[in-house]
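Summary of structural features
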There are 8 protein chains.
Amino acid sequence: MNEATLRALLEQVRSGELAVDGAVDRLRDLPFRDLGEAVLDNHRELRRGQPEVIYCAGKTIAQVQAIIAALLEGESDILATRVPPDMAEAIRADYPQTRHNPLARTLVIQRCERILTETTIAIVTAGTSDQSVAEEAAETALLFGNRVARINDVGVAGLHRLLARLDAIRSARVIIVVAGMEGALASVVAGLSARPVIAVPTSVGYGANFSGLSALLGMLTSCAGGVGVVNIDNGFGAACLASMINQL
Amino acid sequence: MNEATLRALLEQVRSGELAVDGAVDRLRDLPFRDLGEAVLDNHRELRRGQPEVIYCAGKTIAQVQAIIAALLEGESDILATRVPPDMAEAIRADYPQTRHNPLARTLVIQRCERILTETTIAIVTAGTSDQSVAEEAAETALLFGNRVARINDVGVAGLHRLLARLDAIRSARVIIVVAGMEGALASVVAGLSARPVIAVPTSVGYGANFSGLSALLGMLTSCAGGVGVVNIDNGFGAACLASMINQL
Amino acid sequence: MNEATLRALLEQVRSGELAVDGAVDRLRDLPFRDLGEAVLDNHRELRRGQPEVIYCAGKTIAQVQAIIAALLEGESDILATRVPPDMAEAIRADYPQTRHNPLARTLVIQRCERILTETTIAIVTAGTSDQSVAEEAAETALLFGNRVARINDVGVAGLHRLLARLDAIRSARVIIVVAGMEGALASVVAGLSARPVIAVPTSVGYGANFSGLSALLGMLTSCAGGVGVVNIDNGFGAACLASMINQL
Amino acid sequence: MNEATLRALLEQVRSGELAVDGAVDRLRDLPFRDLGEAVLDNHRELRRGQPEVIYCAGKTIAQVQAIIAALLEGESDILATRVPPDMAEAIRADYPQTRHNPLARTLVIQRCERILTETTIAIVTAGTSDQSVAEEAAETALLFGNRVARINDVGVAGLHRLLARLDAIRSARVIIVVAGMEGALASVVAGLSARPVIAVPTSVGYGANFSGLSALLGMLTSCAGGVGVVNIDNGFGAACLASMINQL
Amino acid sequence: MNEATLRALLEQVRSGELAVDGAVDRLRDLPFRDLGEAVLDNHRELRRGQPEVIYCAGKTIAQVQAIIAALLEGESDILATRVPPDMAEAIRADYPQTRHNPLARTLVIQRCERILTETTIAIVTAGTSDQSVAEEAAETALLFGNRVARINDVGVAGLHRLLARLDAIRSARVIIVVAGMEGALASVVAGLSARPVIAVPTSVGYGANFSGLSALLGMLTSCAGGVGVVNIDNGFGAACLASMINQL
Amino acid sequence: MNEATLRALLEQVRSGELAVDGAVDRLRDLPFRDLGEAVLDNHRELRRGQPEVIYCAGKTIAQVQAIIAALLEGESDILATRVPPDMAEAIRADYPQTRHNPLARTLVIQRCERILTETTIAIVTAGTSDQSVAEEAAETALLFGNRVARINDVGVAGLHRLLARLDAIRSARVIIVVAGMEGALASVVAGLSARPVIAVPTSVGYGANFSGLSALLGMLTSCAGGVGVVNIDNGFGAACLASMINQL
Amino acid sequence: MNEATLRALLEQVRSGELAVDGAVDRLRDLPFRDLGEAVLDNHRELRRGQPEVIYCAGKTIAQVQAIIAALLEGESDILATRVPPDMAEAIRADYPQTRHNPLARTLVIQRCERILTETTIAIVTAGTSDQSVAEEAAETALLFGNRVARINDVGVAGLHRLLARLDAIRSARVIIVVAGMEGALASVVAGLSARPVIAVPTSVGYGANFSGLSALLGMLTSCAGGVGVVNIDNGFGAACLASMINQL
Amino acid sequence: MNEATLRALLEQVRSGELAVDGAVDRLRDLPFRDLGEAVLDNHRELRRGQPEVIYCAGKTIAQVQAIIAALLEGESDILATRVPPDMAEAIRADYPQTRHNPLARTLVIQRCERILTETTIAIVTAGTSDQSVAEEAAETALLFGNRVARINDVGVAGLHRLLARLDAIRSARVIIVVAGMEGALASVVAGLSARPVIAVPTSVGYGANFSGLSALLGMLTSCAGGVGVVNIDNGFGAACLASMINQL
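In this text the structure is predicted, and so the values were computed from the model without any measurement.

Observations concerning the sheet that holds strand 3 (residues 99-101) of chain F
All names here are of chain F. One open sheet holds the 4 strands; their spatial order is 1-2-4-3, and the pairing between them is mixed. Of all strands in the sheet, those with a lone pairing partner are strand 1 (52-55) and strand 3, marking the two edges. On average, adjacent strands in this sheet sit at an angle of 15 degrees to one another, irrespective of strand direction. The sheet contact formed by strand 3 and strand 4 (residues 106-109) spans 3 bridges and is antiparallel. In the strand pairing of strand 4, His100 is matched with Leu107.

Things to note about the relation of the copies chain C and chain B
Take chain C, turn it by 179 degrees, move it 0.1 Å along the axis, and it overlays chain B with an RMSD of 0.5 Å. Taken together, the rotation and translation relating the two chain copies correspond to the operation of a two-fold axis. Nearest to the rotation axis, the C-alpha of C:Ala184 is located 2.4 Å from it, this being the minimum over chain C.

Let's talk about the domain arrangement of chain A
All names here are of chain A. On domain assignment, one finds that chain A holds domain 1 (3-109) and domain 2 (120-246). Across the boundary between the two partners, domain 1 contributes 14 residues, which contact 11 residues of domain 2. On inspection of domain 1 and its partner domain 2, the count reaches 6 residue pairs in polar contact (both at pLDDT 80 or more). At the level of secondary structure, the elements contributing two or more residues to the side of domain 1 that touches domain 2 comprise strand 2 (78-81), strand 3 (99-101) and strand 4 (106-109). The leading source of residues in the side of domain 1 that touches domain 2 is strand 2, at 3 residues.

Quick look at the side chain of E:Ser132
All names here are of chain E. Mapping Ser132 onto the fold places it in helix 6 (residues 131-143). The class of Ser132 is buried, set by a relative accessible area of 18%. Once residues within four sequence positions are removed from consideration, Ser132 is found in contact with Leu103, Ala104 and Arg105.

Remarks on the pattern of salt bridges
Residues and elements named next belong to chain E. Applying the stated rule across the entire model yields 40 salt bridges over all chains. The partner of Arg150 in a salt bridge is Glu135, and the shortest N-O contact between them spans 2.6 Å. Residue Arg150 is located in strand 6 (residues 147-151), and its partner Glu135 is located in helix 6; the two are separated by 15 residues in the primary sequence.

Criteria and cut-off values
- Residues numbered from 1 in each chain as written.
- Chains lettered and ligands numbered in written order.
- Predicted model: local features only at pLDDT ≥ 70, side-chain atom pairs only at ≥ 80, totals over all residues.
- Heavy atoms only, no water.
- Pairing = 2+ DSSP bridges.
- Helix = DSSP H or I, 4+ residues; strand = E, 2+ residues; numbered from the N terminus.
- Axes fitted to C-alpha atoms, helices over the stretch in contact; angles between N-to-C directions.
- Least-squares fit on C-alpha atoms with pLDDT ≥ 70 in both.
- Domains from an automatic or database assignment.
- Contact = heavy atoms within 4.5 Å.
- Polar contact = N/O pair within 3.5 Å; in protein donor to acceptor, adjacent residues only side chain to side chain.
- Buried < 20%, exposed > 50% of the residue type's maximum accessible area, 1.4 Å probe, protein only.
- Salt bridge = Lys/Arg side-chain N within 4 Å of Asp/Glu carboxyl O.

If you want it as structure tokens, here you go:
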């Protein structure tokens, strides 16, 4: 309920069109419903055409099918993340227009035309094993309406590869750095650029990597300023934050 | 070395003013020196009037005095962080114009006039014990040229305090959330706002807080999108990142 | 051996009916046998009609079948937790009256009529992924004779959903909060209610969740008073404690 | 704002007494202000005579003095926890009626007459080193209006000491168990009683105790049902929860 | 090389049968070869009839078959631990005299008659889930020649069960306590007995058990004296140590 | 209450000397008091002349003085561990006959003549920094009546030093190995001897030692059989266990 | 671009053959391209005949097939590590000349003749379970052109086995020690030799091994000097470093 | 016992000068004594002029004075590490020729002329706070006879500083990298050089640095080959290993 609706309602009370009892009923749980709408409006951005997101890990195929069926009654685009191969196959059988990115483990049902931002989100990976997470970020950022530049496989062990791509990185408005192992790429990129860096540690590696802990701690203690860290392997979350920043 | 200098140098070679040997000498380590300048220019923002920052933890008073003396030969503002009380006293004896914020443990020697951004960075704390970190963030953000709104003591145990300040929080362009213990404030604020949230876990708490680990993990695994996390107690780092975003 | 039995025995000694030797024999290990009975009576509450509980993780189908067969010689209700699907199927084939809750992974063979408490245990979940643990708590609380109110999917990222259900939460006598990720829901609910909160961290999440550690630490360091924490994913344990409190 | 106030306001709109603009203004932030009041009333229980609590760790003497001076303008009792010796001395110099418990590190300024509950909270410790935490719990529970039974030094290494005090433990309505090292006392007490057990791990011990981690994990994984755990050394928090339960 | 051989060699030198050069050659690396024998003799106890042990985890069936075939050329008994079901089946097909304990995951090929010690090793478990580890300990202790008393399912949540078996426990010369979860049984048993206790934490449990960490830390910080701890789930190691002590 | 006392009491009942009521009173809490005595007798070994132990960490000088004064009313020897220097000085001023071992941080007041065991406990250290823990073990073992052999500074980095002392080690009945850093000495000694090894990890080291964690984990995962581990720096606990074994 | 090329380019400018604009274009990104070449030349050692390495974990068979096909266009040897059995089979079907070491999980396609170093890298393992990692190191070291000496199964629990192989170990130029469990072998070998030791902790073990953590911490805190540690199970990395040292 | 002594002994046996019995006695424990000498000779390198090292942490001034006095009876150089300021002062009062490096916390008493290696050990630090550890490495490397190149403050946040010093780094034979925070410098340097890199994580940093853990894990999981890691802050250990490699 926005101010206009509220004003209209009160006008109806004033004019006698709406009885006080009826107004009380509609206003009784105003706080929460209204708050709810406000939150939805500001935060969830459920304006027509904004994507709905389904996190599929731990859900059955039937559950996801039901959610998609419900969402298709609306008009939003739909993004499903962490989709296992057999679930992807089942959904695509139902809705052939679904776009499946097996590396990103995402499904997209796009129904709105989308005009991308002028500015770019750069998604930079240290190695090929980080690309799954980076692709999840890319699919998310694109569906949220951002121009995306993928810069792959520029880990710090071969610094020249990174330096060669520096222009592309520096011309972005926000930079997502996806790296496993020691996660040093976030520090190096942040040191070479003046743009906000969203760092995504990945669980790529073994042994003392401890499922992404080494990259996570490394990124949090980065000696370079301007780095914000999201959860391990959380490409989706990095893209949400980057999109917010890119669209400021 | 910018393109103009390079062009001039090559003109000198063409005209015979500069021998090939001399040009080779000057170009030999061009990559690094040139890169260095570029980096300095883009990243360090050592343009006239930008602040210089001294991290004082683990440094002696004499060392910091020497660094300040050297920096005062330039024209930048100077920000010192993590300044112990006796060091602050010594520096202020040397330079009475120094501004000391004992809660933030910062010293500022401001020499440039600073015009603040139109938009605001909100700095939100969960409890009074988080204010030291929040003040470090505030001093940094201000010196970096940002308008700052402080919203203190709105931890989730008394949700009404937070909701009462929601307008102030939502009107900011970037939000820094500073919280110890379970760090839940970051999730709640991110859920109520559509702006980027920079979360700073603090080491406030005891026992299972494990020096900030509980807040750190809580913020990293936040169920709300749009949260980037910096190191425990790192108010300075949060302000660096927030300033970058606010000034996009 | 209660006081009456002891008194009778001593009377027999006094009257000469029982020789001193015989009395010594009967009293020799009195401490433990007697204590044993006391404990059984007070603690295990193996009074007629109280449920027996089988924790099935790590047991074979044959083992559980044997335990159930033995328990069915008594008259108690039977609750089996952590039942894998194939085990559930086998038990239900044996005993068609078994109630299977596949989400809770519980089996119930109810043989006593149960009158529920007037007061209610609210079971509140942050997200749909926490429902498996919440259902285990609900099945347990019900079989232990408690009225239960399920309040699902009110995580703090969308605070309005929680606030809309506040009345239902506040009208409970004890509140179980089930949440993964950062576990912030426990703090927020405890801050909004004056009732005891039993917090169950779940292993829902990935990366820095570290199998439930983030929610566990978050709940232990909750900034709100009145929160007691049980083990990760331990819906059964939370319901035991909540039932004890609800039936005080 | 309750329904009556809302109805009156709407009547004023209907009658023309209040302009729509004025009504919009008053309704605009209704949700939060109203919620706020409700929360204060329900949760903080700031009714006359309820204690106010000051957590003194990390606060200066001057800060605590200022808070006390402010609170004394009300009529509540005042409880200060984690009070260092010199702070205690300073406060008692200001307010000689202050009760100082040096072992508990608490200060109490009691101004209301307090009638204690009929039922008892038992506070059970494993060893003498746990008594500081137990005393904090006891002072809190008493000021919150609960009868308290202290049962000290009954650690499981000498089981007979515990068994000798079993009656006192079993006659309580709620049991707080305070134990360091392996924290086994919580399991043993919970196994011997049918009452809710609030377990407080303490940082007593060394080496593999890891500042209370061993007791914390032990209590969380207790093989006995009915145990809720609070943070390490958190005697205050345990008493809050126990008081809520005792006063149900 | 034993003393007799050394003496013979020196006699040959003395008699001139063996030149000094030849003797130097044979004595040059005497230290190690000789040490080797000494160690074998003292430590490995490869005297006729002592068991050989094969740790099967991570080995293929073919590898274990080869090792057994080689060992059968000697005369020792053979103990295989951590034997998966299919490997057990294969070995038993080869050697029908093999004794398979599926709960202990052990195979025994016994070829020597064994006279058991007069004194007993008590193997005490907290719950039925600990029995697999306890059975590994029992099979090991038996094959090493010890009388064994199994005391199962006497966890501290039902203390009367433990107290009822106290005589059996106290009459042992060494006590092995096998417990998961919080591992409190080790402390309680050590507090009730004056015999050495070997504590085996098990990985039984979930969540904050962290694969046996809770029991491990609990046993290491036991408030009762006289407890030595072995690795998580290491029934074999506990029996080795207990056997050494029992046979002193 | 032993059997003789019980028999006498029953005789009094039989003869009418004692009324049934009086006998009920005396027998009512027989279980626990009796258990208590039994435990004291079996476990605590508080027979005349057995040492009493005071753990002084976290106790004030006055508290320890009071405990000693009380214990001196008995006839036991007294052992105080973890005694800070100023406390030691104060106690020795009170009781000049006190023996102070500053390296072990122990005080001993010996009042009984003690005949040592024939067999020996070897206490082996890796480096000089481990000697404080080893001395605590030695003082304890001696006062408990064991012959002790100290073998210092034979860490595995200089294996020859260890091998040179092998006879002394092998001739002991039980071996205590005290080592920090990687704790490898326990494995090597256990590999060279057939006697039970009690391993004490020490917090000697820095960095990845993590306050003794590296030695603790190393000793628990020792590739050599026959090693039981006690808590970090727990020289006293190791000696308790070793003494139990040595006196079997 | 090397100095000769640079000089030639400048000569062309001087002679007028190349316009300043063209020279600016070619020099503009000189830093990075040139740096890149330098790095490739110095670091990657992609000189003819040097091996290319493919880390196969997490790659599909098709991906690895594509990479191999591309690499075969060059002339380098090819080393694939962490090759699962089915991938190995597929590659060998394509290229029958492939050498598969199933224990090492490596594939080698060798096309250059390789002359091995005079000096040797010793690869020492504690137990048979460490051989998989050791074989990966051996295959790597061999393909990198080093003579290799394998010394297997000389763990410290049977010290005589190690001492018997001491000559072989001491005659190497660099020593790789591969050990799981407590990793003590690294300390012992380093104490017995004056050569650099590269220590590889393995995840062999269970329980308190915590996936290699115990060996890792043990090796890092080794009491013997001259030990450098690589990641858990990282046989390849150890061989890279050892090869660099051996070929100095 | 060297070969000459052995030969002489055998000659005595042959000539009858020494009886077989006497020879057996002398040879009986030959293994260990002889091994001892060999070890000393090979490993400890106690040849005239080699330095003796004293680790002073946890030692008293008197203890260190005694050790130095004893060592001065030999002719070796003496290196003391981790020397607190007051200890340094006391030693220098005794021996004015002592060289004290307060940043490195080292003392050196040099008595032999030392000819340095032709080749160089580069010691590279990320920031000024790492210099204390680097200086310890430098003092050690110098006293062990190595030429040292110090390259300070080239952390990856300002990559140009590192690139500008690349020649100096690349011209070394071995590189020690000292870095705290995320430790990324090790990866970057290893990627830019073909020389062995010894990485020293430092405890510089706060929060998620966890006393050096972030740098330690980062260096262990480095994406660049050729990195060996030593313990946190272990400048001495890094120099030992680097010196061994440099002097191959």
